[in-house]
Amino acid sequence: MHPMLNIAIRAARNAGKVIVRAFEEPTKIEVQQKGSNDLVTNIDKDAELVIRESILRSYPDHSIVGEELGEHKGTNPDYQWIIDPIDGTSNFVKGIPHFAVSIALKVKGRLDQAVIYDPIRGEVFTGSRGQGAQLNSKRLRVSKANELTGTIIATSFPCRHKHHLEAYTKSFQALFTQTADMRSSGCTALDLAYVAAGWLDGFWEIGLSKWDIAAGGLLVREA
């Protein structure tokens, strides 16, 4: 396993401990409104800080971009980590056990390493450029479906981008009539991980940020 992937897994597991501890004691979760229908908690920030510390302890010259704490510019521009400490914050806040830690590494502008960690189920999805994708070290393959008929496709409603509702609705109608079913779990990272695992046949969404899809995108390509 690539040494930087090992660090990413360690960082994700360390953050997962913080997240699960808080999930089991919801009175410790402090919720703020970051934007329209966009929540952030003190645990998102704590988890991202743990991830940053884990990475910078091993690679102090690397850059980091995180959803909650912004950008840390390192002295080596070739390496950039992209972090979403809790993808699925709304699920986390509501007590729905479906969320994940997402960590990706870009090397010279190309996605190179990826980890999506589900701390509730203990599932670690990993990928390395050119080396495939794994779930708890077992090789992953995407679905064999090559047409929409009979497929199950995941999506997320544009709750933070409601001005896209008309376009989204048209897309949904066009796809839904051709698929067996649609799913909306509230966690993009796990949706993409499940596509990589072949559990879902595809995923689509409007208005995503780079930390939403960096790790998951690499997993899907490698699977």
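Presented here is a report on the structure given in the accompanying data block. Everything numeric here is computed off the predicted structure, so don't read it as measured data.

Reading the values: the criteria
- Residue positions are given per chain, counted from 1 along the sequence in the order it is written.
- Thresholds applied to this predicted model are a pLDDT of at least 70 for local features of residues and 80 or more for the giving and counting of side-chain atom pairs; totals over whole chains, interfaces and linings are not thresholded and use all residues.
- Side-chain descriptors were evaluated using all non-hydrogen atoms of the structure, hydrogens and water having been removed beforehand.
- The convention used is that axes are lines fitted to C-alpha atoms, helices contributing only their stretch in contact, and that angles between N-to-C directions extend from 0 to 180 degrees.
- Helix and strand definitions here come from DSSP, where helices need a minimum of 4 consecutive H or I residues and strands a minimum of 2 consecutive E residues; each element is numbered from the N-terminal end.
- Working definition: roughly parallel below 35 degrees, roughly antiparallel above 145 degrees, roughly perpendicular at 65 to 115 degrees, and oblique for all remaining angles.
- Throughout, a contact is declared for two residues whenever any of their heavy atoms are within 4.5 Å.
- Each nonpolar core is a collection of buried residues, namely Ala, Val, Leu, Ile, Met, Phe, Trp, Tyr and Cys, held together in the definition by side-chain atoms within 4.5 Å.
- Here's how the labels work: a residue is buried when its accessible area is under 20% of the maximum for its type, exposed when over 50%, partly exposed in between, all with a 1.4 Å probe on protein chains only.
- When DSSP finds at least two bridges between two strands, those strands are taken to pair.

Some words on the packing of helix H5 (residues 188-197) against helix H6 (residues 210-222)
Relative to each other, H5 and H6 sit at 5°, their axes nearing to 8 Å. Of the possible angle classes, the one that applies to H5 and H6 is roughly parallel. Contacts from Thr-188, Ala-189, Leu-192, Ala-193, Val-195 and Ala-196 of H5 reach H6 at Asp-212, Ile-213, Gly-216, Gly-217, Leu-219 and Val-220.

Remarks on the nonpolar core
In a soluble, globular protein the nonpolar side chains are often hidden away together inside. Ranked by internal contacts, the top residues of the largest apolar core, which has 32 residues, are Trp-81 and Phe-92. Top element by residues in this core is helix H1 (residues 3-24). It accounts for 12 residues. Aside from chain neighbours lying at most four places away, what touches Phe-92 is Ile-19, Ala-22, Phe-23, Ile-29, Thr-41, Ile-43, Ile-86 and Phe-99. Within the second largest apolar cluster, 29 residues are counted, among which are Ile-82, Ala-104, Leu-140 and Tyr-194.

Points about the sheet that holds strand S13 (residues 202-204)
Paired through backbone hydrogen bonds, the strands of a sheet run either parallel or antiparallel to each other. Reading across from one edge, S12-S11-S13 is the order of the three strands in this open sheet, with parallel pairing throughout. Edge strands, defined here as strands with exactly one partner in the open sheet, are strand S12 (181-183) and S13. Taken over all neighbouring pairs, the strand axes of this sheet differ in orientation by 30° on average, direction set aside. By the bridge criterion, three bridges tie strand S11 (residues 152-155) to S12 in an arrangement that is parallel. Looking across to S12, one finds that Ile-153 is bridged to Met-182. Packing against the sheet, H5 makes contact with S11 and S13, and its axis sits at approximately 150° to S13.

Brief notes about the pairing of strand S3 (residues 63-66)
Burial along S3 is two-sided: Ser-63 and Val-65 facing one way and Ile-64 and Gly-66 facing the other are all buried. Looking at chain direction, S3 and strand S5 (residues 79-87) are connected through four bridges and run parallel. Each residue of the ladder has a partner; that of Ser-63, found in S5, is Gln-80. The pairing of S3 with strand S4 (residues 70-72) spans three bridges and is antiparallel.

Nothing here speaks to function; it is all geometry.
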